[in-house]
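Chains, contacts and geometry: an overview
Below, each chain spelled out in residue letters.
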Amino acid sequence: MSDQRIFTRYRASEIRTDLQNIDIKKLKSSATKRKNALKKIIANISLGNYGEMLELLPEILSFWQIEDDFEVKRICHEYARSLGSIKPKITDDILPFVLQDLKSRNEHLQIMALRTLVFIPSASFTNEAFKFIISMVNRRNASEELTKTALFALIQLDDLNHNKVTDLFNIIHDTIQQRSDNPSIQVAALHTLYAIHEKHTDMKPLQITVESCFDLVERLSELNEWDKGLLLEALTTAVVPQTHADSYDLIDIVLPQLQHVNTFVVLNTFKFVIYLLNYVDSVSENIVKRLSNSIIALLNKAPELQFLVLRNVILLLLSREKPLLDLDVSYFFVEFNDPIYIKDTKLECLYLLANQDTLSQILEELEQYATDIDIQMSRKAIRAIGNLAVKLDENAATDCFNLLLHLLEFGVDYVVQEIISVFRNILRKYPDKFRSSIREIVKYTDAVQEPESKNAMIWIVTQYADFLPDYITVFEKLNSSFMEDPLEVQFSILNSSIKLFMKFPTPETKQLSGDVLRTCVDMVNNPDLRARALMYQRLIQLANSQYGPYAALDNSLHEIVDSNLPLIELNSKLDPLVLEELALNISSVTSVYLKPTSQIFRLNRTKFLPQSPVLLADKNKLTINDGPSFSRDRADSKAKSLPKRTPTMSDYDKPAEKVNQLRGKMKSSSSSPSKLVRKPSMLMKRLSMKRPF
């Protein structure tokens, strides 16, 4: 049966007739028809047809009792979950059937029954769920999937009965600390505790011992990809290294996961490593390369994942004066088929990566974007060039300014108008450096039509009128359409006319400012603009009455109308505490918005770095060296008593998708990585050795 026929609103009598007709015939072909009729019930619940579907409870219970087909059972459980919370009275009739499935020998049916018990917010269902979960956690021979489902169910039950869940914390902690044959259950227990602690800000943050952490990360190879991701996510802030050696050892163990094919695993590994770097005094350049290459590899993923990765790159570039990532700017060049949100984010990355060494390469790329047929992209590229001129030093500003002058000759309206808007910011940062180019800029007065560009041109003409012999003519041209201009442009014309009169108290400027004032007072309907014009008019009259003609040039009045503007600065830094919190939420929604968790999820816990004797107070004091990734006193630390570990693979210099050769690394007495051997004979000899590979 097609989905169109299933997802149609039916009356209860119609579906009941179908079920009764099917029940008469005991043929195998009737099984499909029976399932289709039951699917109609679930589809109608999805469509909101609750009232009609509630009448079919007796039919559902009859099939629940006699049917052994798993798909029919699944439909019955879905019916119970969907309507159990809406109609609490039906839960008493459903509970015996759910408990019957819970006692079944079919593991999948037990999991389904447990989820139904947890999903329905009824005291009887919740009590039965707790009984079953306690029995499953205490059993040693229980199946893996059923035990994990029982542990995960506690997260949802916590919303119904938090006190009863906290009573089980000791059992869950024991499950984490006791080394079992199946580490996946330990991960499920840890994730359960982590999720519950995150929901309750009144509880202390989750903490586990360093020994338990080592026991878990040592068994990463035994876990599936989702368990790896959950483990690494929960360990961030849950384990607090007490020595530098603890941090170095943990980093060394988890680093190979940066090459995992699953993005969830890679990003949580990345977050865990960034967290551990707060508890070391130095880091190897090799680790920086591995972190950088993992980010580069993720840039080949789907656009949605690219966006998440790029937003986290911005976070990491903002978090330290000397970023931990060594990224070539070419990886952030825009592709023609990138979605607009990817293009915007890449431009932000290019802006943050720009310095004296990379500026020429970035400007060459931005010049191509500025002449692109995509108008939105062209505007953003021009705006990025202007921001770079404000961000960097004078030499860089000169290069950016010259490039914008060159693009000005392109002659396209939207390009010219965006460049004029950008010039205003550059001239505010360097008011005396580019005076010689003012006349060239003013030549494009006729091209400015948009409010922002027109405001910029009015400001430029007013600010640098002493370099323009025909500034009155230019200003009158900008003032010619005063009544049709937007309000913000009218404000700019009014303010600038008064400033010109103050700078050059001539009959021409007096006539110009007087015309503008009369227009604003007599013809404009906006009360704010009229009030501003009246204020200027009274100030000038007051000054004239006290000091004589043209006394508006008095210093006090000059400070009110034409005071010096502060130099423009682009502040791209966030609060250190906010950056610390965001770094602990890498790959989450908060890292995308670059806002604290409390501003997005009000009920979630605010993360912070736990205190430790080795916590690095100032992140910028972390040094990057060419030495090994472990500390010099590693042999004297308690990490020496840990079980001997197999050395990790050393493919850090290649992105995960490009690693095509098997490389070995044998542990030497000096703890330094062995040289790569490319000869096949030597490689086979190494593979045949009994020592750890």
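Residues numbered from 1 in each chain as written. Predicted model: local features only at pLDDT ≥ 70, side-chain atom pairs only at ≥ 80, totals over all residues. Heavy atoms only, no water.

**Observations concerning the overall build of the protein chain**
To be explicit about the condition: For the purposes of this entry, the term helix denotes a DSSP run of H or I that reaches at least four residues, the term strand denotes a run of E that reaches at least two, and both are numbered from the N terminus. Working definition: with a 1.4 Å probe on protein chains only, accessible area under 20% of the residue-type maximum means buried, over 50% means exposed, and in between means partly exposed. Whether two residues are in contact is decided by their heavy atoms: any pair within 4.5 Å suffices. In this description, accessible areas are obtained by the Shrake-Rupley approach with a 1.4 Å probe, and a residue is regarded as covered only by the protein chains that are shown.
Helix and strand counts for the protein chain stand at 35 helices and two strands. In the protein chain, which comprises 693 residues, the proportion classed as buried is 51%. The long-range fraction of contacts in the protein chain, counting pairs at least 24 apart against all pairs at least 6 apart in sequence, stands at 70%. On the protein chain, roughly 34,400 Å² of surface is accessible, and the fraction owed to carbon and sulfur atoms is 50%.

**Considerations on the packing of helix H7 (residues 91–102) against helix H8 (residues 107–119)**
The condition is simple: Each axis is a line fitted through C-alpha atoms, and for a helix only the stretch in contact is used; angles between axes span 0 to 180 degrees, taken between their N-to-C directions. Note on convention: near helix rotated counterclockwise from far helix by under a right angle means a left-handed crossing. Clockwise means right-handed. Side-chain classes are defined by residue name, with Ala, Val, Leu, Ile, Met, Phe, Trp, Tyr, Cys and Pro counting as nonpolar, Asp, Glu, Lys and Arg as charged, and the others, Gly among them, as polar.
Axis separation between H7 and H8 bottoms out at 8 Å; the angle between their running directions is 145°. Regarding H7 and H8, the two cross each other, and that crossing is left-handed. The segment H7 lies against H8, with Leu95, Val98, Asp101 and Leu102 engaging Leu109, Gln110, Ala113, Leu114, Thr116 and Leu117. Its residues placed into classes, the contact of H7 with H8 shows seven nonpolar, two polar and one charged.

**Some remarks on the packing of helix H5 (residues 57–66) against H7**
Packed helix pairs are specified by the crossing angle of their axes together with the interaxial distance, meaning the distance between the axes. As a reminder, the rule being used: Any angle that is under 35 degrees is reported as roughly parallel, and any over 145 degrees as roughly antiparallel; angles of 65 to 115 degrees are reported as roughly perpendicular and all others as oblique.
Look at H5 against H7: their axes get within 11 Å of each other, and the N-to-C directions meet at 20°. With respect to H7, the element H5 is oriented roughly parallel. Every pair of crossing elements has a handedness; the one defined by H5 and H7 is left-handed. Residues Leu57, Leu61, Trp64 and Gln65 of H5 form the contact with H7, whose own contacting residues are Asp93, Ile94, Phe97, Val98 and Asp101.

**Structural notes on the environment of leucine 622**
For leucine 622, the position within the fold is in the loop between helix H34 (597–600) and strand E2 (623–625). Taking relative accessible area as the criterion, leucine 622 reaches 11% and is therefore assigned buried. Distance in space between the C-alpha atoms of leucine 622 and arginine 320 is 9.7 Å, their sequence separation being 302 residues. Once you skip the residues sitting within four places of it in the chain, leucine 622 turns out to touch Leu277, Val280, Asp281, Ser282, Val283, Arg320, Leu324 and Leu616.

**Considering a negative patch on the surface**
In plain terms, the rule: Only residues above 30% relative accessible area that lack a salt bridge enter a patch, with like-charged residues linked at up to 9 Å and the nonpolar side chains Val, Leu, Ile, Met, Phe, Trp and Tyr linked at up to 5 Å. We define a salt bridge as a side-chain nitrogen of Lys or Arg found within 4 Å of a carboxyl oxygen belonging to Asp or Glu. Under the counting rule used here, the positive set is Lys and Arg, the negative set is Asp and Glu, and His together with the chain ends is not counted. For the purpose of locating charges, the reference atoms are NZ of Lys, CZ of Arg, CG of Asp and CD of Glu.
Taken together, Glu285, Asp326, Asp328 and Asp626 make up a surface patch of like negative charges. In this structure, aspartate 326 sits in the loop between helix H19 (303–319) and helix H20 (340–353).

**What to know about the nonpolar core**
Rule in force here: In this text, buried Ala, Val, Leu, Ile, Met, Phe, Trp, Tyr and Cys residues form a nonpolar core when linked through side-chain atoms within 4.5 Å.
Counting 215 residues, the largest nonpolar core has Leu277 and Phe423 as its most contacted members. Leave out the neighbours within four places in its chain, and leucine 277 touches Ile251, Val283, Leu291, Leu324 and Leu622.

**Re the environment of leucine 160**
Position of leucine 160 relative to the elements: it lies in the loop between helix H10 (144–157) and helix H11 (162–166). Along the chain, leucine 160 and valine 118 lie 42 residues apart, while their C-alpha atoms are 9.4 Å from each other. Each residue touching leucine 160, except ones within four places of it in the same chain, is listed here: Val118, Pro121 and Thr126.

**Considerations on helix H28 (residues 487–503)**
The condition is simple: Any helix carries an expected span of 1.5 Å times its number of residues minus one.
Helix length check: H28 (17 residues) gives 24 Å between terminal C-alpha atoms against 24 Å at 1.5 Å per residue, within 8%. With 14 of 17 residues buried, H28 is to be regarded as a mostly interior element.

**Some details on helix H18 (residues 285–298)**
Where we set the bar: Counted as a polar contact is a pair of N or O atoms within 3.5 Å, where, for protein atoms, one must be capable of donating a hydrogen and the other of accepting one, and residues adjacent in sequence contribute only when both atoms are in side chains.
Across its 14 residues, H18 extends 20 Å between first and last C-alpha, which sits within 8% of the 20 Å expected from 1.5 Å per residue. Most of H18 sits inside the fold, with 11 of its 14 residues counted as buried. Within H18 the residues assigned to the buried category are Ile287, Val288, Arg290, Leu291, Ser292, Asn293, Ser294, Ile295, Ile296, Ala297 and Leu298. Those residues of H18 hidden inside the fold are in contact with helix H16 (244–254), helix H17 (263–276), strand E1 (282–284), H19 and E2. At the N-terminal boundary of H18, the capping side chain belongs to serine 284, with an oxygen 3.1 Å from the backbone nitrogen of asparagine 286.

**Brief notes about unusual backbone geometry**
For threonine 237, which is not glycine, the phi torsion reads 75° and is therefore positive. Locating threonine 237 in the fold gives a position in the loop between helix H15 (225–235) and H16. When its relative accessible area of 14% is taken as the criterion, threonine 237 is described as buried. A positive phi angle, close to 75°, is found at serine 587, a residue other than glycine. With respect to the element layout, serine 587 can be found in the loop between helix H32 (576–583) and helix H33 (589–593). Classification of serine 587 by relative accessible area gives partly exposed; the value is 23%.

**Some words on the pattern of salt bridges**
Inspection of the entire model under this criterion finds 26 salt bridges. For lysine 199, the salt bridge is made with aspartate 159, and the minimal N-O distance between the two is 2.9 Å. Of this pair, lysine 199 sits in helix H13 (residues 183–199) while aspartate 159 sits in the loop between H10 and H11, and the two are 40 residues apart along the sequence. Overlapping salt bridges bring together Lys35, Lys39, Asp69, Glu71 and Arg74 as one network.

**Focus: the packing of aromatic side chains**
Worth spelling out the cut-off: Only the six-membered ring of Trp is used, alongside the rings of Phe and Tyr, when aromatic pairs are assigned; centres must lie within 6.5 Å, and planes under 30 degrees apart are stacked while those over 60 apart are edge-to-face, with the rest tilted. By the criterion adopted, a ring carries a charge over it if an Arg CZ or a Lys NZ lies within 6 Å of its centre and within 35 degrees of its normal.
Scanning all chains against the criterion turns up 10 aromatic pairs. Each ring, one from phenylalanine 401 and one from phenylalanine 434, has its centre 4.0 Å from the other, and the planes form 10°; the classification is stacked. In this pair, phenylalanine 401 is assigned in helix H23 (residues 394–408) and phenylalanine 434 in the loop between helix H24 (413–429) and helix H25 (438–442), connecting sequence segments 33 residues apart. Comparing phenylalanine 401 with phenylalanine 434 shows no difference in burial state: the two are buried. Grouping aromatic residues by their ring pairs yields a cluster made of Phe401, Phe423, Tyr430 and Phe434. The cationic tip of lysine 391 hangs over the ring face of tyrosine 351; the distance from NZ or CZ to the ring centre is 4.7 Å.

**A short note on the confidence of the model for the protein chain**
Condition: Scored from 0 to 100, pLDDT records how confident the predictor is in each individual residue.
Taken residue by residue, the protein chain gives an average pLDDT of 83. The fraction at 70 or more is 86%. Low confidence marks residues 629–693, where pLDDT is under 50. Its contacts with residues over four positions away, or in another chain, come to 91 contacts.

**As for the environment of leucine 324**
Note on placement: leucine 324 falls in the loop between H19 and H20. Given a relative accessible area of 6%, leucine 324 falls into the buried group.

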